[in-house]
Amino acid sequence: MELMVLLNALVTRLLFVLHSLIGVWRVTAVKKEPKYWLLALLNLLLCLETGLTLKFKQGRGYKWFSPAIFLYLICTVPSLWLLEIHHGTQYCGNEPGAVQVNVSNQDFNQSRDSSHGSEGTDHHIIQTAKVFVNQLSTICETVWTLALHQTFLLLLVVGRWLLPIGVEITRDQLSQLLLMFVGTAADILEFASETLDIEDVRKNYVLINAILAVWTWSMLQFPLDLAVQHIGCKPTASTRRIPSLLLCRYSAELWNIGVSLFIQDGPFFIVRSILMGHFRIFNQMLVFFTAKNILVVTLQLYRLAVITLDFRATVLQKSRKGEVSCCPCEPYEASTHTTTDQNTEMREFVAFPPKEESQALSEDQ
């Protein structure tokens, strides 16, 4: 096993576990109940996946799916749910730099003075760490929750970049996937922060759960790599059907359209429309992003229509020439076999007619 592959696999999963534990710590500190530390046991699944991946895949990824990203979602999403549902009323000052001044000057000086008569540098480091943790605990809950949301989405992108890729995905495809994930993460963060920060939404427990459910549903696209990979097609009988040929040729494009319509922009548009239409909640950003979702959904439907019409025209043109292409990478391989087999059967039928017809011809002669 290559050293860099092993290092990337272990470091990335260690970052996932560390971030998940920070989320569990915040939930325990907010709820004031140690039982929430049981959420940390979810990281055992990630540890198990790490061992299995190192043993059977030599640290490399799988085709079309990343178990590490999926288990990271399982470990972190419950903590963010609890923090958003709790949404403490702790006051947040308008000057975030004030907390940094207190941490860097007053408290550190106190820790340095208290450590002069102690055992030395080690005790000083411990005291400094305690002071730093205590100061972090004084930061208001809304700032903590937003920071966890932001770092969560950043780690999903960076972690997918650091995780060793499998043999099925190229670096060019990975770069395209990462660029898509950056835009997707920005949209998801905006949806969660913009809708949950509305005061009328915070008063409705059902709305909070609905928004978090849609947010969780949108996160499920991160473990999948179908957006940049085409499904391989074989010259079988099933690939002669029009839907199978369409899926085979435009699998990545159709996946992107499906994600936008059913996982991201479509559900986001439905939630925002309900907020404005049923609950009469209006603000400038909500109206703007609703219009943006409408535009994206319309463009995706237009893209789907263009792909369908283009594919239909291509199939009709090929069928007239006796060729039917399946995959863009191998446009004539499957069609050649199919056409050749059909032509061979036709020649055999003409050259060797059925027995009944041959007997009738011999009697006439």
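For every chain, the first residue of the written sequence is number 1, and numbering continues from 1 onward in sequence order. Per-residue local features of the predicted model are confined to residues with pLDDT of at least 70, and side-chain atom pairs are confined, for both listing and counting, to 80 or more; whole-chain, interface and lining totals are unaffected and use all residues. Where side-chain values are given, they derive from all heavy atoms of the structure, hydrogens and water being excluded.

Asker: Tell me what's going on with the packing of helix α11 (residues 251-262) against helix α12 (residues 265-277), and back it up with residues and numbers.
Answerer: To get an axis, a line is fitted to the C-alpha atoms, and for a helix only the part in contact is used. The angle between two axes follows their N-to-C directions and goes from 0 to 180 degrees. Strands here mean DSSP runs of E at least two residues long; helices mean DSSP runs of H or I at least four residues long; both are numbered from the N terminus. α12 packs onto α11 with a crossing angle of 15° between their chain directions and a minimal axis gap of 3 Å. In terms of axis orientation, α11 runs roughly parallel to α12. Two secondary-structure elements touch here, α11 through Ser-260, Leu-261 and Phe-262 and α12 through Asp-265, Gly-266 and Pro-267. For the contact of α11 with α12, the per-class residue count stands at three nonpolar, two polar and one charged. If an angle is under 35 degrees, it is roughly parallel; if it is over 145, roughly antiparallel; if it lies from 65 to 115, roughly perpendicular; otherwise it is oblique. Contacts were defined at the residue level, with two residues in contact if any of their heavy atoms lie within 4.5 Å. Under the scheme applied, nonpolar residues are Ala, Val, Leu, Ile, Met, Phe, Trp, Tyr, Cys and Pro; charged residues are Asp, Glu, Lys and Arg; polar residues are all the others, including Gly.

Asker: Account for the confidence of the model for the protein chain, naming residues and giving values.
Answerer: Per residue, pLDDT captures the predictor's confidence, and it can take any value from 0 to 100. Averaged over all residues, the pLDDT of the protein chain equals 79, while 72% of them reach at least 70. Model confidence for the protein chain, summarised as mean pLDDT per element, is weakest for helix α14 (residues 333-351) at 44 and strongest for α12 at 95. Per-residue pLDDT stays below 50 along residues 94-106; that stretch engages in seven contacts with residues further than four places along the chain or on separate chains. Ignoring residues within four places in sequence, the model shows residues 325-353, a span with pLDDT below 50, making 28 contacts including any to other chains.

Asker: Requested: an account of the side chain of Thr-290, with residues and values cited.
Answerer: Residue placement: Thr-290 occurs in helix α13 (residues 284-321). Throughout this description, buried means an accessible area under 20% of the type-specific maximum (1.4 Å probe, protein chains only), exposed means over 50%, and partly exposed covers the range between. The exposure class of Thr-290 is buried, given its relative accessible area of 4%. One polar contact links the side chain of Thr-290 to the main-chain carbonyl oxygen of Leu-286, over a distance of 2.6 Å. Apart from residues no more than four positions distant in its own chain, Thr-290 is found in contact with Phe-269, Arg-272, Ser-273 and Met-276. Think of a polar contact as two N or O atoms within 3.5 Å of one another; within protein, one of them needs to be a possible hydrogen donor and the other a possible acceptor, and neighboring residues in sequence only count if both atoms come from side chains.

Asker: Give me the lowdown on the UniProt feature "transmembrane region" (unreviewed entry) in the protein chain, citing residues and values where you can.
Answerer: UniProt positions are given in the numbering used here, feature names are shortened, and annotations may be inferred rather than shown by experiment. In the numbering used here, UniProt assigns the feature "transmembrane region" (unreviewed entry) to residues 6-24, 36-52, 64-83 and 204-220. Here residues 6-24 is 100% helix and 0% strand, with 27 Å between the C-alpha atoms at its ends. Secondary structure across residues 64-83 comprises 85% helix and 0% strand; the distance between its end C-alpha atoms is 32 Å.

Asker: Could you give an account of the pattern of salt bridges, with specific residues and numbers?
Answerer: Only one rule defines a salt bridge in this text: a Lys or Arg side-chain nitrogen within 4 Å of an Asp or Glu carboxyl oxygen. By the definition in use, this model includes nine salt bridges. Across the salt bridge formed by Arg-272 and Glu-190, the nearest N and O atoms sit 2.8 Å from each other. Of the two residues, Arg-272 sits in helix α12 while Glu-190 sits in helix α7 (residues 171-196), which places them 82 residues apart along the sequence. Accessibility classification places Arg-272 together with Glu-190 in one group, the buried group. Linked by salt bridges that have partners in common, Asp-187, Asp-265 and Lys-292 make up one network.

Asker: Go over a nonpolar patch on the surface with me, naming the residues and quoting the values.
Answerer: Nonpolar side chains collect at one region of the surface, where Met-4, Leu-7, Val-11, Leu-15, Val-158 and Leu-162 lie side by side and expose about 460 Å² of accessible area between them. Within the residue set of the nonpolar patch, elements represented by two or more residues are α1 (3-31) and α6 (141-162). A per-element tally of the nonpolar patch places α1 first, with four residues. Patch membership requires more than 30% relative accessible area and the absence of a salt bridge. Residues of like charge join within 9 Å; the nonpolar side chains Val, Leu, Ile, Met, Phe, Trp and Tyr join within 5 Å. In short, Shrake-Rupley with a 1.4 Å probe defines the accessible areas, and a residue's cover is counted only from the protein chains shown.

Asker: How would you sum up the nonpolar core? Please name residues and give values.
Answerer: Side chains of nonpolar character tend, in soluble globular proteins, to be buried together. Nonpolar cores are built from buried Ala, Val, Leu, Ile, Met, Phe, Trp, Tyr and Cys residues. Side-chain atoms within 4.5 Å join them into one set. Core analysis: the biggest nonpolar cluster contains 52 residues, and Phe-152, Leu-156, Val-201, Trp-215, Met-219 and Phe-222 have the highest contact counts within it. Among the elements that line this core, the one with the most residues is α7, at nine residues. Start and end points for every domain follow an automatic or database-based domain assignment. For this core, the domains that each give at least three residues are domain 1 (1-90 + 141-227) and domain 2 (230-322). Residues within four places of Phe-152 in sequence aside, it is in contact with His-19, Tyr-72, Leu-73, Thr-76, Val-77, Leu-80, Trp-215 and Met-219.

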